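Structural description and commentary
The primary structure of each chain is shown beneath.
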Amino acid sequence: MISKILLPTDGSKTALKAAKYAVDLAKKFKASIIILSVIDQGAMIGQTVPARKTARHIIEPIEDYLKEAAEGFAGIIKKVCDEDRVKSETVIVKGHPVEEILKMAGRVKADLIIMGSHGRSALAAAILGSVTYGVIHKESKIPVLIVRK
Ligand code: ATP
Ligand code: MN
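Here's a quick rundown of the structure. Here the structure is a predicted model, which means the values were calculated and not measured. (Residues numbered from 1 in each chain as written. Chains lettered and ligands numbered in written order. Predicted model: local features only at pLDDT ≥ 70, side-chain atom pairs only at ≥ 80, totals over all residues. Heavy atoms only, no water.)

Examining the nonpolar core
This is how it is decided: We define the nonpolar core as a collection of buried residues of types Ala, Val, Leu, Ile, Met, Phe, Trp, Tyr and Cys that are connected through side-chain atoms lying within 4.5 Å of one another. Burial classification: accessible surface area is computed with a 1.4 Å probe over protein chains only, and a residue below 20% of its type maximum counts as buried, one above 50% as exposed, and the rest as partly exposed. Secondary structure counts use DSSP, requiring at least four H or I residues in a row for a helix and at least two E residues in a row for a strand, with both numbered from the N terminus. Throughout, a residue-residue contact means that at least one pair of heavy atoms, one from each residue, lies within 4.5 Å.
I5, L7, I33, I35 and I114 are the most contacted members of the largest nonpolar core, which totals 20 residues. With 6 residues, helix α1 (residues 13–29) is the single largest residue contributor to this core. In this structure L7 touches A18, A19, A22, I33, I34, I35, L36, I77 and I114, once residues within four positions along its chain are discounted. By size, the runner-up hydrophobic cluster in this structure holds 17 residues, among which are V38, I113, M115 and V135.

Observations regarding the pattern of salt bridges
Heads up, the condition is: The salt bridge criterion pairs a side-chain nitrogen of Lys or Arg with a carboxyl oxygen of Asp or Glu, the two atoms within 4 Å.
Tallied over the full model, the rule gives 8 salt bridges. With its nearest N and O atoms 3.6 Å apart, the salt bridge here joins E99 to K138. With E99 in helix α4 (residues 97–107) and K138 in the loop between α5 (130–137) and β5 (144–147), the pair connects residues that are 39 residues apart, well separated along the chain. Given a relative accessible area of 44%, E99 falls into the partly exposed group. Looking at K138, the relative accessible area reads 39%, which means it is partly exposed. In this structure, a network of salt bridges that share partners links the residues R56, E60, E63 and K94.

Some remarks on α4
Within α4 the residues assigned to the buried category are P97, V98, E100, I101, L102, M104 and A105. Buried residues in α4 make contact with β1 (4–8), β2 (32–39), β3 (88–94), β4 (112–116) and α5. K109 lies just past α4 and shows a positive phi near 55°.

Observations concerning the environment of F29
Of note, F29 is situated in helix α1. In this structure the C-alpha to C-alpha distance between F29 and S3, which are 26 residues apart in sequence, comes to 6.8 Å. Sequence-distant contacts of F29, defined by excluding residues within four places in its chain, comprise M1 and I2.

Observations concerning the site of ligand 1
We count it as follows: Any residue with a heavy atom lying within 4 Å of a molecule or strand is counted as near it. Polar contact is the term for a pair of N or O atoms within 3.5 Å; when the atoms are in protein, one must be able to donate a hydrogen and the other to accept it, and sequence-neighboring residues count only if both atoms are side-chain atoms. A 1.4 Å probe and the Shrake-Rupley method give the accessible areas. Residues count as covered only by the protein chains that appear here. Under the scheme applied, nonpolar residues are Ala, Val, Leu, Ile, Met, Phe, Trp, Tyr, Cys and Pro; charged residues are Asp, Glu, Lys and Arg; polar residues are all the others, including Gly.
Inspection of the region around ligand 1 gives 20 residues, with P8, H118, G119, S130 and V131 positioned closest. Between ligand 1 and T9 there is a distance of 3.2 Å, counted from a nitrogen atom to a backbone nitrogen or oxygen. Within the backbone of S121, an N or O atom sits 3.0 Å from an oxygen atom of ligand 1. Bound to the protein, ligand 1 loses 88% of the 620 Å² it would expose on its own. Secondary-structure elements contributing two or more residues to the shell around ligand 1 are β2, α4, β4 and α5. Considered class by class, the residues forming the shell around ligand 1 number 8 nonpolar, 10 polar and 2 charged.

Read these as layout, nothing more, since geometry by itself doesn't imply function.
Shown next as structure tokens:
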């Protein structure tokens with residue numbers, strides 16, 4: 001029985017496709033959806049200079065901006081859920097996407113994780129995005145459904 005679906009999203013086209021798939025499935029199973037967006041600070045700053053060494057006055061506006069963006073696209077998906085009368089909630093956290101996705105899946109006792117094969121990155125040649133790759137390769141018993149781009 002599927003009663004809780006974790007839906008990690010980065011606002012990409014494929015993630016939206018995954019969201020639509022999740023809503024259809026949730027409707028059939030009368031399941032609820034947890035929409036999760038992870039603010040990946042490391043991806044923005046950590047690749048050039050260590051994030052922890054970057055001054056607060058530089059990080060804060062970036063974080064605010066990323067949070068706003070995350071709330072925006074999580075909200076779009078919430079609307080899709082509302083329209084189809086699927087119970088949902090949005091969660092925005094900061095951290096490493098793979099770790100936060102699995103942590104949240106455990107915390108909410110998700111029966112299934114639904115995510116896209118790809119995300120926002122321009123590296124379209126990759127078979128699988130690194131977040132999805134990380135989620136399926138880490139130790140966990142929760143099934144993952146990957147929606148193709
Ligand atoms: P990469 O980031 O490895 O360069 P990519 O952006 O194409 O490539 P991923 O980031 O792995 O691929 O995205 C695949 C899926 O993972 C997305 O469709 C989305 O479901 C999920 N995802 C990616 N980033 C996040 C995030 N920051 N928060 C929540 N879910 C995410
Ligand atoms: Mn990505």
